[in-house]
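# Report on the structure
Below are the chains, spelled out letter by letter.
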Amino acid sequence: VGMKDGNGGFGQGDGKNYTVDYVHQPETFLHLLEYLAGPPDSPYGAKRASEGFKDPLLTPHRGRLLLELGNESWGAVAHNAPLGRNYRKYGEWCRSIARLLETSPYWSDIRHRVTLLYSGRNVRNRDSYGLNEALLEGDRGELPGVAYSGYLGGNMDYDPHTRYGQDVESYFDERHRQMKANLADMRQKWQQPGAKQIYLYESQVSTPAFFGTAGQGIILLDYLMASLRYGSIYPSVFSMGGGEWRIILDDGRPFVHYLLMQKIDRECRGELMEQGADSEGAPVGCSVFRDGKNWSILLFSRDFRAESRVKLQLPQGLLPQKATEWTLTTARSDTRLDYSEKTRNIRLKDGCEVSVPPHGVKLIRFEE
């Protein structure tokens, strides 16, 4: 939910009035709940029905909603969010909306299917310029989560098609360091009493001149998967096409970002297991999923200079298993389309070693 209020527009402004009613008329949020969960003969349920959805979109058993109260409100006037000038006032506004939602006749039935979120800045408090701490002053658990930026940025203002030796490697070294520092911060937050869930409202690794490369895609998806074990909700990736954040070419050919997202979405499902929980400092990022009898082991290279080898520890009681191993390899970390995929059948046993290529990814799947 944006916080636009008054004349302006992003940045320098365009003279239009972007006032939104819910900043000054918070009962709009009650109308939203009725639109989502009310019967078709209620005023806002009828509006929903007129748009082709007779049945409620949210029920005690169906549908989920992430409701981020504000987005990048820290930008204040530059983001059309004057309320963001005062971080404490903004936090209290969020809590007042949460208390208002409690008065809705529909809230008790759907509250467990709605996640309310503050809008923070960078994950690490040291990089949030005081916002992350200030907006939570006075918090008593009214909102269960905080939305943060998932960007791992950096400056690289030369042509990425030209080989610059250590410059490219240094770029990825810094992104890996930032990823590990952010994950360490998430872990610390998650271990505190009253820990908030985390939602990365936008996520990318990019710069205007250096975008869509294999190394960026691998680091990004490694970061997002690792964040799940510290209370992170599945994140948003910005954006599909156009600009420095694109994950496909204009003709539809996918970069590694998009390829990995599809693979993970289709084949890494179910419960996130604890087996990969201590991997931030390791040369390989590891996430393990279990969906009934189906297991997925996802391995990301964190050493772009050399092949890494990891020893797999299968859950106790699992016998050697036939498995399918999918490997993504890339010729260079800064390539965009020069990548290859290979699938083969293997046999797993406890303690076996698996190699992960530099700037590569491996996915192992098996059934109990």
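This report concerns the structure included in the present document. From a predicted model like this one, the values you see are computed outputs, not experimental measurements. (Residues numbered from 1 in each chain as written. Predicted model: local features only at pLDDT ≥ 70, side-chain atom pairs only at ≥ 80, totals over all residues. Heavy atoms only, no water.)

## Re the overall build of the protein chain
Defined as follows: Starting at the N terminus, helices and strands are each numbered in turn, a helix being any DSSP run of H or I of at least four residues and a strand any DSSP run of E of at least two. The globule rule used here is 2.2 Å times the number of residues to the 0.38 power, and the radius of gyration it is set against is calculated over C-alpha atoms. We call a residue buried when its accessible area falls under 20% of the maximum for its residue type, exposed when it is over 50%, and partly exposed in between, using a 1.4 Å probe and counting protein chains only. In this description, contact between two residues means that some pair of their heavy atoms is separated by no more than 4.5 Å. Surface accessibility in these figures is a Shrake-Rupley result with a 1.4 Å probe; residues are shielded only by whichever protein chains are displayed. None of His or the chain ends enter the tally, which takes Lys and Arg as positive and Asp and Glu as negative. For charged residues, the charge sits on one atom: NZ in Lys, CZ in Arg, CG in Asp, CD in Glu.
Secondary structure assignment for the protein chain yields 9 helices and 15 strands. Taking 2.2 N^0.38 as the reference for a compact globule, 368 residues should give roughly 21 Å; the C-alpha atoms of the protein chain span a radius of gyration of 23 Å, in line with that estimate. Summarising its shape, the C-alpha atoms of the protein chain cover approximately 60 × 50 × 45 Å along the three principal directions. Across the 368 residues in the protein chain, those meeting the buried criterion constitute 50%. Considering only contacts in the protein chain between residues 6 or more positions apart, those separated by 24 or more positions represent 68%. Counting only carbon and sulfur atoms, one obtains 48% of the accessible surface of the protein chain, whose full area is about 18,000 Å². Separation between the mean location of the 46 positive side-chain charges and that of the 47 negative ones in the protein chain comes to 3 Å.

## Here we look at helix H2 (residues 28-37)
Within H2, 7 of the 10 residues are buried, which leaves it mostly tucked inside the rest of the structure. Along H2, the residues classified as buried are Thr28, Phe29, Leu33, Glu34, Tyr35, Leu36 and Ala37. Buried positions along H2 lie against helix H1 (21-24), helix H3 (43-50), strand S3 (65-68), helix H4 (87-101) and helix H5 (107-110).

## Side note on the sheet that holds strand S6 (residues 197-202)
Remark on secondary structure: sheet strands pair via backbone hydrogen bonds, oriented parallel or antiparallel. For clarity, the cut-off: A pair of strands counts as paired when DSSP detects no fewer than two bridges linking them. Simply put, an axis is a line fit to the C-alpha atoms, just over the touching stretch for a helix, and the angle between two N-to-C directions goes from 0 to 180 degrees.
Strand order in the open sheet formed by 5 strands is S3-S4-S5-S6-S7, and the pairing between neighbours is parallel. Of all the strands in the sheet, just S3 and strand S7 (232-233) have a single pairing partner and so form its edges. Pairing of strand S4 (residues 114-122) with strand S5 (residues 145-149) involves 4 bridges; the strand directions are parallel. Note on S5: the bridge partner recorded for Leu117 is Gly145. H4 contacts S3 and S4 of the sheet and is inclined by roughly 175° relative to S4.

## Focus on the environment of Ser206
Threshold: For this analysis, a polar contact is any N or O atom pair within 3.5 Å, provided that within protein one partner can donate a hydrogen and the other can accept it, and provided that sequence-adjacent residues contribute only side-chain to side-chain pairs.
Locating Ser206 in the fold gives a position in the loop between S6 and helix H8 (214-227). A sequence separation of 185 residues divides Ser206 from Asp21, and the C-alpha atoms of the two residues are 35 Å apart. In this structure the side chain of Ser206 is engaged in a polar contact, spanning 2.4 Å, whose partner is the backbone oxygen of Glu244.

## So, the sheet that holds strand S15 (residues 361-367)
One open sheet holds the 6 strands; their spatial order is S8-S9-S10-S15-S12-S13, and the pairing between them is antiparallel. Both edges of this open sheet fall to strand S8 (271-272) and strand S13 (339-348), since each of them pairs with a single strand only. Of the strand pairs in this sheet, strand S10 (residues 294-301) and S15 are connected by 7 bridges, and their pairing is antiparallel. Across the sheet, Leu298 pairs through a bridge with Leu363, a residue of S15. Across the sheet, H8 lies against strand S9 (284-291), S10, strand S12 (321-330) and S15, angled at about 130° from S10, the strand it touches most. The strands touched by helix H9 (residues 256-267) are S10, S12, S13 and S15; relative to S12, the strand with the most contacts, the crossing angle is about 165°.

## So, the side chain of Asp334
Looking at the element boundaries, Asp334 is found in the loop between S12 and S13. Side-chain polar atoms of Asp334 contact the side chain of Arg332, separated by 2.9 Å.

## Considerations on the packing of aromatic side chains
What counts here: For this analysis, a ring pair means two rings from Phe, Tyr or Trp (six-membered ring only for Trp) whose centres lie within 6.5 Å, classed as stacked if their planes differ by under 30 degrees, edge-to-face if by over 60, and tilted for the remaining angles. By definition, being over a ring means that NZ of Lys or CZ of Arg is both within 6 Å of the ring centre and within 35 degrees of the ring normal.
Summed over all chains, the structure comprises 8 aromatic pairs. Look at Tyr171 and Phe172: their rings are 5.2 Å apart centre to centre, the planes differ by 80°, and that puts the pair in the edge-to-face class. Here Tyr171 matches Phe172 in class, with each residue buried. Ring plane angle 80° and centroid distance 4.7 Å describe the contact between Tyr171 and Phe210, whose orientation is recorded as edge-to-face. Residue Tyr171 is located in helix H7 (residues 166-190), and its partner Phe210 is located in the loop between S6 and H8; the two are separated by 39 residues in the primary sequence. Note on Phe210: relative accessible area 0%, which makes it buried. Here a set of aromatic residues connected by ring pairs shows up, and it is made of Tyr171, Phe172, Phe210 and Phe304. In this structure, Arg121 is placed above the aromatic ring of Trp74, and the distance from its NZ or CZ to the ring centre is 3.8 Å. In this arrangement the basic side chain of Arg336 is found over the ring face of Phe211, its NZ or CZ atom lying 4.1 Å from the centre.

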